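Structure assessment
So the chains spell out like this:
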Amino acid sequence: MSVLIICEKPSVAKTVALALGAAEQKDGYFSGDGLLVSWCIGHLISMADAGSYDERYKKWRYEDLPILPQAWKYAPTPGKEKQLAVLKELLHRSDVSEVVNGCDAGREGELIFRFVYEQAGCTKPFSRLWISSMEDSAIREGFAGRRAGTEYDALYQSALCRARADWLVGINATRLFSVLYHKTLNVGRVLSPTLNLLVERDGKITMFHKEKYHIVHIGCGGVDAESERISDASAADALKTACEASQAVCVSLKKEKKTALPPKLFDLTLLQREANRVYGFTAKQTLDYAQSLYEKRFLTYPRTDSNYLTEDMAQTATDLVAALLPVLPFMQGAELTPEIGRVINSAKVSDHHAIIPTAAFAGNGFNGLPESEKKLMSLVCCKLLCAVAAPQEYETVTAVFDCGGKPFTAKGKPILIAGWKGIDARFRAALKAKPDENGAEDAALPELAEGQIFETVTASVSEHYTTPPKPYTEDSLLSAMENAGKEDMPEDAERKGLGTPATRAAIIEKLVATGFVERKRAKKAVSLVPAHTGVSLITVLPEQLQSPLLTAEWEYRLQQVERGELSPDEFMTGIADMLTELVKTYKVISGAEVLFPSGREVIGKCPRCGSDVTESKKGFFCEKNDCRFGLWRDNKFFAAKRAALTKKVAAALLADGRVKLTGLYSEKTGGTYDATAVLEDTGESVRFRLEFDKGART
């Protein structure tokens, strides 16, 4: 008898197969040693489109909303039918006695496998391969300790609820706003609140009014001290003059020893943020590079939200640190006594531990890696070494001087023990980057004493302006997404914020791809800025679809489903009720045609409201969203007379209410005739009638 293992990707399947001795490659799977190892290609089964539930749903109409399927349907993902057929055949092979879910160990991986398993109609027992590393030893250990698939039923239900909820919101909200505003407007439970973060920041930047202020500087005894902000230029000049004629007295001197603890290990979001900050990688690029390194067995599982390792990994981590030191160019000649306990905490590890290099990488080094992956591996290695290094110890020194009757402050920050920041400085030096973002404050002040008097004082005035908030970069947006709505969430909520570490990159990319957000380069950073359509969409969306609290609550409730604390039906009922209420109560915002200009050619004025009528593929329609006046090209009146409602004809009807037509077909005689078509608009519908000149043929 054989065991069938289904992995998420072909490359992962190959690694698993070779690690377990199934080395013979077949068409769509590997075989050997009583094992069959095959793969999905991401999602082989998808949620069926709305049109599969009812023919009328193929058209987007307000009257059909909300669309709430009672029995859910699924369909093969286009282009992936061949591999799906391979899996179905393998699942039903008579010699297969057990199926193993070897897809990525998380919510989405569970869904990918279950969709295939259930849509294939398979009833054979299945187990779960749950691993965080693609090293041979981890694969063999995970396979030997695989657990019953039923232990992950709640995880599957959580994944299924997530997929269905996203389908419902995407279908109903997108159709609702697209139909009402005559423009395709993608709406999503994570997409829209993320867009709102960008729009809010853009609004603050736009509304910001800079204000000038002045700082008076004094120099005394080798110290540069600064005054508080002074808005009035003449007052600043007067203080400067007074200081030049005065002595300076050190009235306060405070010294305090402090400690900067080492950073945490990377979870995916932290890795994406730092890679964006250091290298300018997008969140998607970082995830792609990390996934590739994972499949090469050089990096542990990247889609994690944990910053710690489990207790049983202590020795592994110790050995890994020792093996990495000679591999990393920026650590040549350095010594490190790791404090592994700092990164060990099983209680804070959820599905997967933090991202760290593997022993396989330590043995291979950077050989054969593309430049992008070398950079990411260097970042991950540096973070591990920093995390297990000693704390940095430093002293803060704050000196206050009295001069000209006003206080002046000077600060210093001498480093006592470099600790982990010494490693970070080595890494930054290799990048030719600044060793510390606060380097200006690292200098030590000269020896000072309270009461010390300085007879010679120099003074100057510098001019400054208040600065607006900075546009979001991917680094800062990921942080904002991670923390959105946190203050309103329960303390025990495991997943907070917008989306998950595994989905945030895709959300950002979708906002860019749909034209709601643009990437703009300014100096060295690339900012994310909402486009006009993105701002307009947020303007018309109700608060509940903009708020990060709604989707943060959903993530929390999905976590409850995953823990078996909330029934899937209860979760889905809440989603359906929300959408039903949205469709029933939402009203079009007056004047919204200004927010979503069609860009189409204006051919006349609307006889109902006086707004512009423009030409589109299906006819000529009023630009005002709540007017609904339109002249459809495909209408029974013109079709029966074998006449075309052209742009010229429509323009005449709008201008004069009538147009002379020639060569109209007569259904009675089969001949042709000339007549004048007259437009009659009831306010609810558009009709036409004919007027004949004397002697016209009928």
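Residues numbered from 1 in each chain as written. Predicted model: local features only at pLDDT ≥ 70, side-chain atom pairs only at ≥ 80, totals over all residues. Heavy atoms only, no water.

Before going further, it helps to spend a moment on the pairing of strand β10 (residues 212-220). Counting buried positions along β10 gives seven out of nine residues, so the element sits mostly inside the fold. When β10 meets strand β17 (residues 458-465), the two strands line up antiparallel, connected through eight bridges. Paired with lysine 212 across the bridge in β17 is tyrosine 465. Between β10 and strand β11 (residues 223-226), which pair antiparallel one after the other, the connecting turn spans two residues, and glycine 221 there sits at a positive phi close to 60°. (Buried < 20%, exposed > 50% of the residue type's maximum accessible area, 1.4 Å probe, protein only. Helix = DSSP H or I, 4+ residues; strand = E, 2+ residues; numbered from the N terminus. Pairing = 2+ DSSP bridges.)

The sheet built from three strands is open, its strands ordered β24-β25-β26 with antiparallel pairing. Every interior strand has two partners, whereas the edge strands, β24 (658-665) and β26 (686-691), have only one. Pairs of neighbouring strands in the sheet enclose a mean axial angle of 40°, with direction left out of account. For β24 and strand β25 (residues 672-681), the ladder comprises six bridges, and the chain directions are antiparallel. Note that in β25 the partner of arginine 658 across the bridge is valine 678. Seen against the sheet, helix α21 (residues 647-656) touches β24, β25 and β26 and runs at an angle of roughly 140° to β24. (Axes fitted to C-alpha atoms, helices over the stretch in contact; angles between N-to-C directions. Contact = heavy atoms within 4.5 Å.)

This part takes up the side chain of lysine 9. Here lysine 9 is to be found in the loop between β1 (2-7) and α1 (10-20). Here aspartate 104 takes part through its side chain, which lies 3.4 Å from a polar atom of the side chain of lysine 9. Lysine 9 has contacts with Trp39, Cys40, Asp104, Gln291 and Glu295, leaving out every residue within four places of it along the chain. (Polar contact = N/O pair within 3.5 Å; in protein donor to acceptor, adjacent residues only side chain to side chain.)

The subject of this paragraph is the pattern of salt bridges. For the structure shown, the criterion picks out 43 salt bridges. Residue glutamate 274 pairs with arginine 277 through a salt bridge whose shortest N-O separation is 3.7 Å. Taken together, the positions of glutamate 274 and arginine 277, both in helix α8 (residues 268-279) and three residues apart, correspond to about one turn of that helix. Note that lysine 584 and glutamate 581 form a salt bridge whose closest N and O atoms lie 3.7 Å from each other. Here lysine 584 and its partner glutamate 581 are both found in helix α19 (residues 568-585), three residues apart, which amounts to about one turn of the helix. You can call lysine 584 exposed: its relative accessible area is 59%. (Salt bridge = Lys/Arg side-chain N within 4 Å of Asp/Glu carboxyl O.)

The residue serine 127 is located in strand β8 (residues 126-128) in this model. Taking the C-alpha atoms as reference, serine 127 lies 4.1 Å from glycine 149; in sequence the two are 22 residues apart. Excluding anything up to four places from it in sequence, serine 127 contacts Glu98, Val99, Val100, Asn101, Arg146, Arg147, Ala148 and Gly149. One polar contact links serine 127 to glutamate 98, side chain to side chain, over a distance of 2.7 Å.

Read across the open sheet, the four strands follow the order β20-β21-β22-β23; overall the sheet is antiparallel. Of all the strands in the sheet, just β20 (602-605) and β23 (630-632) have a single pairing partner and so form its edges. Along the sheet, successive strands turn relative to each other by an average axial angle of 25°, direction set aside. Summarising the sheet, β20 and strand β21 (residues 612-616) pair through three bridges and their orientation is antiparallel. By the bridge assignment for β21, lysine 605 is matched with aspartate 612.

Next up on the list: the packing of aromatic side chains. Inspection of every chain in the model, using the stated rule, returns 22 aromatic pairs. Between the aromatic rings of phenylalanine 361 and phenylalanine 366, the centroid separation amounts to 5.2 Å while the plane-to-plane angle is 80°, which identifies the pairing as edge-to-face. Note on accessibility: phenylalanine 361 and phenylalanine 366 belong to one class, buried. Each residue in the set Tyr53, Trp72 and Trp167 is aromatic and connected to the rest through ring pairs, giving one cluster. Directly above the ring of tyrosine 472 sits arginine 201, whose terminal nitrogen or CZ lies 4.1 Å from the centroid. Above the ring of tyrosine 665, the side-chain terminus of arginine 642 is found at 3.8 Å from the ring centroid. (Phe/Tyr/Trp six-rings, centres within 6.5 Å; stacked < 30°, edge-to-face > 60°. Lys NZ or Arg CZ within 6 Å of the ring centre and 35° of its normal.)

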